[in-house]
Amino acid sequence: MAPKSKKAASGKSADPNNATGKPAYVDNIRGVENWKQVSEWLNWRGIEDIECITPDLAGVPRGKMMPSSKFTSNTSLALPSALYRQTISGEYPEETGNFRYDPRDGDLKLMPDLQTLSAVPWETDPTAQVICDVVDHKGKGVEYAPRNVLKRVIGLYEKKGWKPIVAPEIEFYLIAHNDDPDHPLKPPVGRSGRTMARGQSYSIAGVNEFDELIDDIYHFSEAQGLEIDTLIHEEGPAQLEINLRHGDPLALADQVYMFKRTLREAALKHGIYATFMAKPMQGQAGSALHIHQSVVDLDSGRNIFSNEDGAPSTMFFNFIGGMQHYVPKALVMMAPYVNSYRRLTPDMACPVNNAWGYDNRTVAFRVPNSDAASRRVENRLPSSDANPYLALAASLACGWLGMVRELVPDSPTATTANEGTTVELPRGLLEAVALLEAEPAFAEVFGSEFIDTYSGVKRGEFETFMEVISPWERQYLLLNV
C-alpha cells in the first residue's frame with residue numbers, strides 16, 4: 001500500500017501572500033477561533049448544513065443538524081437531560097442507589113467548541129460538523145457529560161502545574177454484513193476473494209486485503225484533521241489498529257470519537273461493518289484502546305517522569321502506583337459493557353492482571369523502551385468499546401491520585417503475566433460498578449453526580465442483558481438440566 005500524505009490539522013492557505021483576499025484561516029482543515037471566522041469558513045466552502053454533536057455516556061454522537069445560516073445566527077441548541085440516563089439499548093433504567101431522574105427532563109444547552117469545526121467528508125451535500133460541550137441554563141458545565149468529566153480531570157493536573165500527554169491506539173474489526181443478531185459475526189471477504197484467518201499480526205498483505213477501504217479511511221481522516229500515525233493488522237482476522245499522534249487529552253479524545261464515526265462510515269461505503277466491540281467473535285482476540293500517558297511540567301515542558309539525569313523520577317513510580325491501586329476500581333469506565341469482560345479473559349493476548357513491567361506486553365501497565373524525554377506508561381486494560389473521554393479521564397485520574405497521594409507500586413514483572421485466572425480485576429459488569437461507587441476518591445476526581453448517573457445506567461444495561469437467552473444456555477441447558 002502506498003504511503004499516505006498527511007496535512008496538519010490546522011493547515012493554512014497555499015497562498016501565503018493572500019493574493020486572492022481569502023483569509024488564511026478559511027483553509028484550516030480543523031478549527032477556527034471565533035464566530036466571524038466560522039461564517040467565512042462555512043461560506044468559502046459552500047457548506048449547506050452543519051451537525052452539532054456531543055457524546056452521550058456511551059460515546060454515541062447525539063445532537064442536531066441545521067442549515068449553516070441558522071447555526072451562525074445565535075440559534076439556541078438544546079438537548080433533554082434524559083439522554084444521559086439512557087442505556088445503550090435506548091431504555092431508561094429503574095432508579096437504583098443514588099441514581100435518580102429529574103422529573104422535569106429539562107433542557108441542556110449545546111455550546112459549540114469552534115476548535116473542532118471540520119468537514120463531513122462522506123456526505124454528498126457540503127456538510128460540516130462541530131463537537132459541543134454541554135452546559136445547564138446558567139452556563140455551568142454539566143458534571144455527568146463525558147467531555148466535561150475529562151476536562152475536570154485535566155483541570156486537576158493544571159492546578160498542580162502539570163499537563164498530561166496521551167497517545168491512543170484503537171483496535172477494531174471489519175465485519176461482513178450481518179442483519180441477524182443471533183447469527184455469529186465473521187470477517188468480510190477481502191480483495192483476494194477469501195475471508196482471512198487469524199494470526200495476521202503486522203501483515204502488510206492483511207492490510208492490503210482492504211486497500212480501497214483504507215484509502216477512504218485516510219482520505220476521510222485527512223479531510224477532518226485526524227492525525228493518523230500508523231496503521232497495522234492485528235492478531236484477529238480483519239482486525240486492524242490505528243495509532244494517533246500524541247498530544248492533549250481532550251484533543252485526542254475528540255479525535256478518537258470522530259475516528260470511530262469516520263471508520264463506520266468508510267466501512268459502510270464498502271458494504272461491510274466496522275465494530276469497536278471489545279469481543280465481537282468467539283475464540284478471537286479482543287479489541288483494545290491502549291493509552292500511552294506521560295506528564296509534563298507546564299512551565300518548562302519537561303517530562304516529570306524523568307529526573308534531570310535521565311533516571312525515572314519518583315513521580316513516575318507514583319503514577320504507576322496510582323494505576324495499580326485505582327484502575328481496578330475505575331475499570332467500568334474503561335470496560336463499560338458485559339461484552340468488555342469477555343475480552344478480559346486469560347490466554348487471549350489480553351492483560352488480565354494488575355501488574356506493571358518494562359516493555360512487557362503481558363502486563364496491564366507497560367513501560368515501553370524510550371529515552372528520558374519520552375518516558376511513558378501504557379495502560380493496556382481499556383477496551384475499544386469505551387467512551388474515549390471516560391477512558392482517558394479514568395486512566396489519567398488514577399495516575400493523578402497516585403502522584404498526589406505518593407503511592408508506591410510493587411516490583412515490575414519480567415515474566416509472562418497474562419496466563420491463568422486473576423483476582424486483581426473485576427470479572428463482571430456489576431462487580432465493576434460496585435467498585436466505582438465504593439471508592440470515595442472518585443467523587444473528587446469525577447464528580448459524585450457522574451458516578452451516580454453512570455452507575456445507574458450500567459446497572460440498567462446489565463438488567464437488559466439478563467433478559468436475553470444466549471446460545472450457550474440453549475446448547476448446554478436445554479436437554480441436560
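Computed from a predicted structure; not experimentally measured. (Residues numbered from 1 in each chain as written. Predicted model: local features only at pLDDT ≥ 70, side-chain atom pairs only at ≥ 80, totals over all residues. Heavy atoms only, no water.)

Visitor: Can you walk me through the pairing of strand E11 (residues 289-297) in this structure?
Guide: Walk down a regular strand and you will see the side chains alternate between the two sheet faces. Across the nine residues of E11, eight count as buried, placing the element largely inside the fold. Pairing analysis gives three bridges linking E11 to strand E14 (residues 377-379), with the strands arranged antiparallel. Note on E14: the bridge partner recorded for His-292 is Glu-378. (Buried < 20%, exposed > 50% of the residue type's maximum accessible area, 1.4 Å probe, protein only. Helix = DSSP H or I, 4+ residues; strand = E, 2+ residues; numbered from the N terminus. Pairing = 2+ DSSP bridges.)

Visitor: How should I be thinking about the pattern of salt bridges in this particular structure?
Guide: Tallied over the entire structure, the rule returns 20 salt bridges. In this structure, Glu-40 and Lys-36 form a salt bridge, with 3.2 Å as the shortest nitrogen-oxygen distance. Taken together, the residues span about one helical turn, with Glu-40 and Lys-36 both in helix H1 (residues 35-45) at a distance of four residues. Residue classification places Glu-40 among the partly exposed positions, given a relative accessible area of 21%. On the accessibility criterion, Lys-36 (55% relative accessible area) is exposed. Of the charged contacts in the structure, one is a salt bridge between Lys-269 and Asp-216, with a shortest N-O distance of 3.2 Å. One end of the pair, Lys-269, is in helix H6 (residues 249-269); the other, Asp-216, is in helix H5 (residues 211-224), with 53 residues separating them in the sequence. Given a relative accessible area of 54%, Lys-269 falls into the exposed group. With a relative accessible area of 11%, Asp-216 lands in the buried category. (Salt bridge = Lys/Arg side-chain N within 4 Å of Asp/Glu carboxyl O.)

Visitor: Which parts of the structure should I look at to understand the nonpolar core?
Guide: Across soluble globular proteins, nonpolar side chains show a tendency to be buried alongside one another. Counting residues in each nonpolar core, the largest one holds 124 residues, and the members touching the most others are Phe-259, Phe-446 and Phe-450. When residues of this core are assigned to their parent elements, the largest contribution, 12 residues, is made by helix H9 (residues 388-404). Beyond its immediate stretch of four places on either side in the chain, Phe-446 contacts Glu-143, Val-149, Arg-152, Val-153, Met-333, Ala-393, Ala-394, Ala-397 and Ile-451. (Core = buried A, V, L, I, M, F, W, Y, C linked by side-chain atoms within 4.5 Å. Contact = heavy atoms within 4.5 Å.)

Visitor: Is there a simple way to explain the packing of H5 against H6 in this structure?
Guide: Relative orientation of the contacting elements H5 and H6 amounts to 140°, with a least axis distance of 9 Å. By the angle class used here, H5 and H6 are oblique. Judged by the twist between their axes, the crossing of H5 over H6 is right-handed. Here Leu-213, Asp-216, Ile-217, Phe-220, Ser-221 and Gln-224 of H5 come into contact with H6, specifically with Met-258, Phe-259, Thr-262, Leu-263, Ala-266, Ala-267 and Lys-269. (Axes fitted to C-alpha atoms, helices over the stretch in contact; angles between N-to-C directions. Parallel < 35°, antiparallel > 145°, perpendicular 65-115°, else oblique. Left-handed = near helix turned anticlockwise from the far one by under 90°.)

Visitor: Sorry, what's going on with the side chain of Lys-279 here?
Guide: Residue position: Lys-279 is located in the loop between strand E10 (273-275) and E11. One buried charged residue, Lys-279, forms no salt bridge at all, with the nearest opposite charge on Glu-171 at 11 Å. Polar side-chain contacts of Lys-279 include one of 2.5 Å to the backbone oxygen of Gln-284. Filtering out sequence-adjacent residues up to four positions away, Lys-279 remains in contact with Gln-284, Ala-285, Gly-286, Asn-339, Arg-342, Arg-343 and Met-348. (Lys, Arg positive; Asp, Glu negative; His and termini not counted. Polar contact = N/O pair within 3.5 Å; in protein donor to acceptor, adjacent residues only side chain to side chain.)

Visitor: Is there a simple way to explain the environment of Ser-192 in this structure?
Guide: You can see Ser-192 is positioned in the loop between strand E7 (162-175) and helix H4 (204-208). Along the chain, Ser-192 and Ala-278 lie 86 residues apart, while their C-alpha atoms are 27 Å from each other. Looking at Ser-192, its side chain comes within polar contact range of the side chain of Glu-209, at 2.9 Å.

Visitor: Hey, could you run me through a nonpolar patch on the surface in this one?
Guide: A cluster of nonpolar side chains, contributed by Trp-472, Tyr-476, Leu-477 and Val-481, occupies part of the molecular surface with about 470 Å² of accessible area. Positionally, Leu-477 belongs in helix H13 (residues 471-477). (Patch = residues over 30% accessible without salt bridge, like charges linked within 9 Å, V, L, I, M, F, W, Y side chains within 5 Å. Areas by Shrake-Rupley, 256 points an atom, 1.4 Å probe, with all protein chains shown as cover.)

Visitor: I tried to follow the pairing of E7 on my own but got confused; where do I start?
Guide: A large share of E7 lies buried, amounting to 13 of its 14 residues. Inspection of the sheet shows E7 paired to E11 by nine bridges, in the antiparallel sense. Looking at E11, one finds that Pro-168 is bridged to Ile-291. The pairing of E7 with E10 spans three bridges and is classified as antiparallel. Across the sheet, residue Tyr-173 finds its bridge partner in E10, namely Thr-275.

Visitor: Sorry if this is basic, but what is going on with the side chain of Ser-287 here?
Guide: Structurally, the position occupied by Ser-287 is in the loop between E10 and E11. At 3.2 Å, the side chain of Ser-287 forms a polar contact with the side chain of Gln-239. In this view, Ser-287 contacts Glu-171, Phe-172, Tyr-173, Gln-239, Met-277, Ala-278, Arg-343, Ser-383 and Ser-384; residues no more than four positions away in its chain are not counted.

Visitor: What is the right way to read the packing of aromatic side chains from this model?
Guide: Where two aromatic rings form a pair, the distance of their centres and the angle of their planes describe that pair. The final tally for this structure, using the stated rule, is 19 aromatic pairs. Ring centres of Trp-356 and Tyr-358 lie 5.1 Å apart, and the angle between their planes is 65°; this geometry places the pair in the edge-to-face category. On the basis of relative accessibility, which here comes to 2%, the residue Trp-356 falls in the buried class. We classify Tyr-358 as partly exposed; its relative accessible area is 43%. Joined through ring pairs, the aromatic side chains of Phe-305, Phe-316, Phe-317, Phe-319, Trp-356 and Tyr-358 make up one cluster. (Phe/Tyr/Trp six-rings, centres within 6.5 Å; stacked < 30°, edge-to-face > 60°.)

Visitor: I keep staring at unusual backbone geometry and nothing clicks. Help me out?
Guide: Of all residues except glycine, most have a negative phi; of all peptide bonds, most are trans. Positive phi, close to 60°, is recorded for Tyr-202, a residue that is not glycine. Tracing the backbone through its elements, the reader meets Tyr-202 in the loop between E7 and H4. Phi at Glu-406 is positive, roughly 55°, even though this residue is not glycine. As for its placement among the helices and strands, Glu-406 is situated in the loop between H9 and helix H10 (429-438). You can call Glu-406 exposed: its relative accessible area is 60%.

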